[in-house]
Amino acid sequence: MTISNPSRLADEPILALIVDRDQDTRQMYAEYLKLGHWLVEEASDGREALAKAITRRPDVIVTETHLPGIDGITLCGLLRRDVATSAIPVVFVTGDAHSADIERATAAGGDLVLTKPCLPEHLLEELRRVLDHAASLRAYSSAVQTDARRKLAHADEVLSRSVDTVYRRHTLKKAHHRGDTTNPPQTPPTLVCPSCDRPLTYRRSHIGGVSSKHPEQWDYFECESGCGTFQYRARTRKLRKVA
Ligand SMILES: [Zn+2]
């Protein structure tokens, strides 16, 4: 459901399009609606009505079923198929009191079918009711849209959060790449040879451990004096000779 005329402000007068081949009928309804501060457009046949419905975007269309050219039921069907006019309420005021015609008018998408003679005050009353219903439908529709938008926003948030988690997990996994490196997460300490007290030369680190949360870093040093290779475990802070 779309707003029939989004360009018209809520406090602006209601625009009705009255479609009837009979000028007196149009005038009778037009004058009465104008007394109620409505704006009225008139059309004497289906084609003119279709053109005015598209260009003027009335708030409501009142039409006879029997019209020259395009009849009222066909007109209603055409309006319903066009996104620009599909939400405009259509009220039939017909000289046909046969139930078959009323059914056809309703099936074509008519909001209401009134039969002639229909007094202008009765028409106005019914138009108000139809517009009120259409407005509540629109309000419902926008409420649904707001709710849908809120749900979408929430879904986006959940999605971005899980993407973030997956991404972080992924980067942690990468950071926890096991193996040898000369660029370990923890800076290797400055150590001296336990045998000769000379500074040890850092060679490489080995990253191990059960998980990224429990990494193990083993730093390997060499004594330039030939005392051997030493392993320093960051977790236990212990140095031992390994070769
Ligand atoms: Zn040494």
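Heads up: the structure comes first, above all this text.
Please read these numbers as outputs of a predicted model, since none were measured by experiment. (Residues numbered from 1 in each chain as written. Predicted model: local features only at pLDDT ≥ 70, side-chain atom pairs only at ≥ 80, totals over all residues. Heavy atoms only, no water.)

Looking only at helices and strands, the chain has five helices and ten strands in total. The buried share of the chain, reckoned over its 243 residues, is 35%. In the chain, once contacts between residues fewer than 6 apart in sequence are set aside, the share between residues at least 24 apart is 53%. Carbon together with sulfur atoms contributes 54% to the accessible area of the chain, which is approximately 14,900 Å² in total. (Helix = DSSP H or I, 4+ residues; strand = E, 2+ residues; numbered from the N terminus. Buried < 20%, exposed > 50% of the residue type's maximum accessible area, 1.4 Å probe, protein only. Contact = heavy atoms within 4.5 Å. Areas by Shrake-Rupley, 256 points an atom, 1.4 Å probe, with all protein chains shown as cover.)

To continue, consider the coordination of the zinc ion. Within the protein, Cys 193 (SG), Cys 196 (SG), Cys 223 (SG) and Cys 227 (SG) serve as the donor atoms for the zinc ion, at 2.2 to 2.3 Å. Each of the four donor atoms around the zinc ion contributes to a set of angles spanning 102 to 114°, which defines the coordination as tetrahedral. In primary sequence terms, the donor set of the zinc ion follows C-x2-C-x26-C-x3-C. Classification of Cys 196 by relative accessible area gives partly exposed; the value is 27%. (Donors = N, O, S within 2.8 Å, 3.2 Å for Na, K, Ca; no water. Tetrahedral: all angles 85-135°; square planar, octahedral: opposite > 155°, others 65-115°.)

Summarising the sheet, strand S9 (residues 229-233) and strand S10 (residues 238-241) pair through four bridges and their orientation is antiparallel. Bridge pairing in S10 links Tyr 232 to Leu 239. Between S9 and S10, which pair antiparallel one after the other, the connecting turn spans four residues, and Arg 237 there sits at a positive phi close to 55°. (Pairing = 2+ DSSP bridges.)

For the rest of this paragraph, the subject is the environment of Pro 199. Position of Pro 199 among the secondary structure elements: in the loop between strand S6 (179-181) and strand S7 (200-211). Here Pro 199 falls in the exposed class, since its relative accessible area comes to 57%. Each C-alpha atom of the pair Pro 199 and Phe 221 lies 9.6 Å from the other, and the pair is 22 residues apart in sequence. When near neighbours in sequence (up to four residues on either side) are disregarded, Pro 199 contacts Leu 191 and Val 192.

Worth remembering: the numbers are spatial, not functional.
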